[in-house]
Amino acid sequence: MKTTAAAFAAFAAFAAALLALATPAPAAAVEFRHPLDDKPLDVPLPLDEARTEAVETFHKTGENPYIGNAQATEEGATLYAENCAACHMPEGSGGMGPSFLDEQWNYPRNKTAVGQFEVLWAGATGAMQSFKDRLSQDDMLKVIAQIADLRRQAGVGEEMAKQPEGE
Ligand code: HEC
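Bear in mind that the values here come from a model prediction, so they are computed numbers and not experimental data.

The rules we used
Residues numbered from 1 in each chain as written. Predicted model: local features only at pLDDT ≥ 70, side-chain atom pairs only at ≥ 80, totals over all residues. Helix = DSSP H or I, 4+ residues; strand = E, 2+ residues; numbered from the N terminus. Buried ≥ 20, exposed ≤ 12 C-beta atoms within 10 Å, placed from the backbone. Contact = placed C-beta atoms within 7 Å. Near = placed C-beta within 6 Å. Nonpolar A, V, L, I, M, F, W, Y, C, P; charged D, E, K, R; others polar. Arc of directions from axis to C-beta. Axes fitted to C-alpha atoms, helices over the stretch in contact; angles between N-to-C directions. Parallel < 35°, antiparallel > 145°, perpendicular 65-115°, else oblique. Expected span 1.5 Å × (residues − 1). Core = buried A, V, L, I, M, F, W, Y, C linked by C-beta atoms within 7 Å.

Student: Can you help me understand the overall build of the protein chain in this one?
Tutor: Along the backbone of the protein chain there are 6 helices and 0 strands. Taken from N to C terminus, the helices and strands of the protein chain fall in the order α-α-α-α-α-α. Across the 167 residues that make up the protein chain, the buried fraction comes to 29%. Contacts in the protein chain between residues at least 24 apart in sequence constitute 63% of all its contacts with a sequence separation of at least 6.

Student: Looking at this model, I keep getting lost on the site of the ligand. Mind explaining?
Tutor: In the region of the ligand, 22 residues are neighbours, and Cys84, Cys87, Gly97, Ala124 and Thr125 sit closest. Among the elements of the structure, helix H4 (85–88) and helix H5 (113–122) are those that each provide at least two residues to the shell around the ligand. Partitioning the shell around the ligand into residue classes produces 14 nonpolar, 8 polar and no charged.

Student: What is the right way to read helix H2 (residues 53–61) from this model?
Tutor: An α-helix turns once per 3.6 residues; consequently, residues spaced three or four apart project the same way. Of the positions making up H2, those classed as buried are Val55, Phe58 and His59. What you see down the axis of H2 is that its buried residues fit within an arc of 95°, all on one side. Looking at the packing, one finds that the buried side of H2 touches helix H6 (137–154). Positioned one or two residues after H2, Gly62 has a phi angle of 80°, which is positive.

Student: Help me out: how do you make sense of unusual backbone geometry in this one?
Tutor: Leaving glycine out, the prevailing phi sign among residues is negative, and the prevailing peptide bond configuration is trans. For Asp38, which is not glycine, the phi dihedral falls at a positive 65°. By secondary structure assignment, the location of Asp38 is in the loop between helix H1 (2–22) and H2. Using a count of 12 C-beta atoms within 10 Å as the deciding quantity, one classes Asp38 as exposed.

Student: Can you help me understand the packing of helix H3 (residues 70–83) against H6 in this one?
Tutor: Two measures define how a pair of helices packs: the angle their axes make with one another and the distance between the axes. Put simply, H3 and H6 touch, their axes get as near as 7 Å, and they point 95° apart. Taken together, the axes of H3 and H6 are roughly perpendicular relative to one another. For the pair formed by H3 and H6, the contact residues are Ala72, Thr73, Glu75, Gly76, Ala77, Leu79 and Tyr80 on the first element and Asp139, Lys142, Val143, Ala145, Gln146 and Asp149 on the second. Here the residues of the contact of H3 with H6 are counted per class, giving 6 nonpolar, 3 polar and 4 charged.

Student: Hey, could you run me through H3 in this one?
Tutor: Compared with an ideal rise of 1.5 Å per residue, which puts 14 residues at 20 Å, H3 spans 20 Å between its outermost C-alpha atoms and is within 8% of the ideal. Considered for burial, the residues of H3 that qualify are Ala72, Thr73, Gly76, Leu79 and Tyr80. Buried residues in H3, looked at end-on, bunch into an arc of 120°, giving them a common side. Looking at H3, the residues exposed on the side facing more than 90 degrees away from the buried face are Ala70, Gln71, Ala81 and Glu82. Taken together, the buried residues of H3 touch H4 and H6.

Student: I'm lost on the environment of Pro44 in this one. Help?
Tutor: Within the secondary structure, Pro44 is located in the loop between H1 and H2. Through-space distance from the C-alpha of Pro44 to that of Gln137 is 9.9 Å; in sequence the pair is 93 residues apart.

Student: Please clarify how the nonpolar core should be interpreted in this entry.
Tutor: A general feature of soluble globular proteins is that nonpolar side chains tend to end up buried together. One finds Met140, Leu141, Val143, Ile144 and Ala145 to be the most contacted residues of the largest nonpolar core, which totals 26 residues. Breaking this core down by element, the ones donating at least two residues are H2, H3, H5 and H6. Looking at this core element by element, the count peaks at 8 residues for H6.

Listed below in structure tokens is the structure:
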């Protein structure tokens, strides 16, 4: 009887270990939330070439590695001119869409790259539509780097890279 119990315990431990091995480590640590209702937002890691190192880092840590990266920011500037400038103005000062050059955010999480990404992924209200089908996640990070750069150029806070904290 004792032996059976011990054998069973050993087997259970072994099975648990196997299971732990078979289950891939969670790839995503950031909990994205919908800007409008704060509900969990599903942002799957892309399976194609858009799954860049930057996208992986962003999903894990909420940090946008492209912020401060000259080449990525330059690409972000082009994407911004094509997709955002009409409403947010070329220098980000706001027009039909709000300004990026102050500390007033319609959605408080937007003082972080994660918040801005959530708006790009899910869209917000009215003219601010989702860019999910128009920009890759990698491109979204580049556009967000451009917003950070516009703020840097305008001399406003550049606290943009970190994940929302304490919420
Ligand atoms: C057709 C006009 C339009 C375009 C194009 C557009 N936006 Fe917007 N954007 C808006 C409007 C209007 C809002 C305000 C929506 C709201 O508050 O719900 C907004 C809100 C935002 C916000 C949230 C700002 C805040 O105060 O919290 C971010 C971030 C943003 N846009 C980024 C972008 C980026 C990046 C692009 C380009 C990829 C883009 N937008 C393209 C109109 C636009």
